[in-house]
Amino acid sequence: MCVAMVLLYELLTMIFADAVTPIWVSRDFGGIKPLVTHHWLIQALGGATPTATWGLVGTTLVAAVALGVGLGTRVAALVAGQCCVALFSLHPAAGGGHDRLITNALWLLVLAPSGATLSLDCRIRTGAWRSALPIAAWTRYAAVFQLCVTYGITGIQKLGSSWFPWGDYSAVYYALQTPSWARFNVDTMAVLAARFYPLTQLGTAVSWVWEVSFPVVLLALWFRSTRDRGGRLRSAFNRLDVRWLYALVGLVMHSVLFVTMELGPFSLITTSFYVCLWHPDEWARRVPMLKAPGARTATSG
């Protein structure tokens, strides 16, 4: 559901900004540059023409709605994913890492029985909105692994002096004033960044440590699923659930980024993966309406 809403947000934002034709249509038909792609779907449709591009956009919107309500869920994810890969291949420089996160998420939804519960597929199959049908756990771990790779590699790549004490932890201060990223007037952002400079320093330090160490979350999940094996480190991780700490920092960070900077749907699609940090049974214990009638909840995370 979260991925579907993110996809709708990205496409509708482009439509209302009148950016579809300039970015995804070749210059011969009204775009800003000649577009050449080897993607099979674009070639089959005759190239980056208005008909092909808008056809893909329309199909993706329909598939995203079907994915959101859980109708033909896996097929909808496959259609949306293929259309997105085709569209994103037209002008890669106009996108970003969020495009890859979206397509990766869609592919995981194809591989997993993503319409097993809380979907029209479930309603049609069982007569109820919720189902206790067991599903393989590997796709959940794959989603968390994707999150760990995204944050971990991003943190490792931040090697500029502005991220460290000898650069006065000034990275966030300067980022807020970057014209291509600033959501508001650059002069306004400069004033705000200067006024709250100590907070930008704190954000710089915390975000770097948080990103580099985020793969610890995957270890924490493993420890929780193997709690019966004992061990001091495993016991310590199970007493202190670090998932909440990392998720809280992430939500605060992404909220600030979304409000102050124009980074596309990066924050939205990234936090969509947070759902997988908790076992479905953990969600069911905290949100009773998610629990299928008659289902038992496990104790492990």
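Scope of this entry: the structure provided in the associated data block. (Residues numbered from 1 in each chain as written. Predicted model: local features only at pLDDT ≥ 70, side-chain atom pairs only at ≥ 80, totals over all residues. Heavy atoms only, no water.)

Here we take up the overall build of the protein chain. Along the backbone of the protein chain there are 16 helices and zero strands. The C-alpha atoms of the protein chain give a radius of gyration of 22 Å, which matches the 19 Å a tight globule of 301 residues would have. Reported as C-alpha extents along the three principal axes, the dimensions of the protein chain are approximately 65 × 60 × 30 Å. Counting over 301 residues, the protein chain shows a buried share of 41%. Carbon and sulfur atoms make up 69% of the accessible area of the protein chain, which amounts to about 15,900 Å² in all. Here the protein chain contributes 22 positive and 13 negative side-chain charges, whose respective centroids are spaced 14 Å apart. (Helix = DSSP H or I, 4+ residues; strand = E, 2+ residues; numbered from the N terminus. Rg over C-alpha atoms; globule rule 2.2 N^0.38 Å. Buried < 20%, exposed > 50% of the residue type's maximum accessible area, 1.4 Å probe, protein only. Areas by Shrake-Rupley, 256 points an atom, 1.4 Å probe, with all protein chains shown as cover. Lys, Arg positive; Asp, Glu negative; His and termini not counted. Charge placed at Lys NZ, Arg CZ, Asp CG, Glu CD.)

Bringing the state of the cysteines into the picture now. A full pass over the atoms with the stated rule returns zero disulfides. Not part of a disulfide, C2 finds its nearest cysteine sulfur in C276, a span of 9.3 Å. In this structure C2 comes out as partly exposed when scored by relative accessible area, which is 33%. Exposure remark for C276: the relative accessible area of 23% places this residue in the partly exposed category. (Disulfide = S-S within 2.5 Å.)

Another aspect to go through is the environment of V149. Within the secondary structure layout, V149 lies in helix α8 (residues 138–157). Classification of V149 by relative accessible area gives partly exposed; the value is 33%. Through-space distance from the C-alpha of V149 to that of E211 is 9.5 Å; in sequence the pair is 62 residues apart.

A complete count under the given rule lists six salt bridges for this structure. Measuring nitrogen to oxygen at the nearest pair gives 2.8 Å for the salt bridge that ties E211 to K158. Of this pair, E211 sits in helix α11 (residues 197–213) while K158 sits in the loop between α8 and α9 (171–175), and the two are 53 residues apart along the sequence. Residue classification places K158 among the buried residues on the basis of a relative accessible area of 18%. For E282, the salt bridge is made with R243, and the minimal N-O distance between the two is 2.8 Å. Taken as a pair, E282 in helix α16 (residues 280–286) and R243 in helix α14 (residues 242–260) lie far apart in primary sequence, 39 residues in all. Beyond isolated ion pairs, a larger network of salt bridges with shared partners links R224, D241, R243 and E282. (Salt bridge = Lys/Arg side-chain N within 4 Å of Asp/Glu carboxyl O.)

This part covers the nonpolar core. The biggest cluster of nonpolar side chains holds 64 residues, and the ones touching the most others in it are L7, W24, L106, F214, I269, F273 and L277. A total of nine residues in this core trace back to one element, the largest contributor, which is helix α5 (residues 73–90). Those residues in contact with F273 that sit more than four places away from it in its chain are L101, A105, L108, A143, Q146 and L147. (Core = buried A, V, L, I, M, F, W, Y, C linked by side-chain atoms within 4.5 Å. Contact = heavy atoms within 4.5 Å.)

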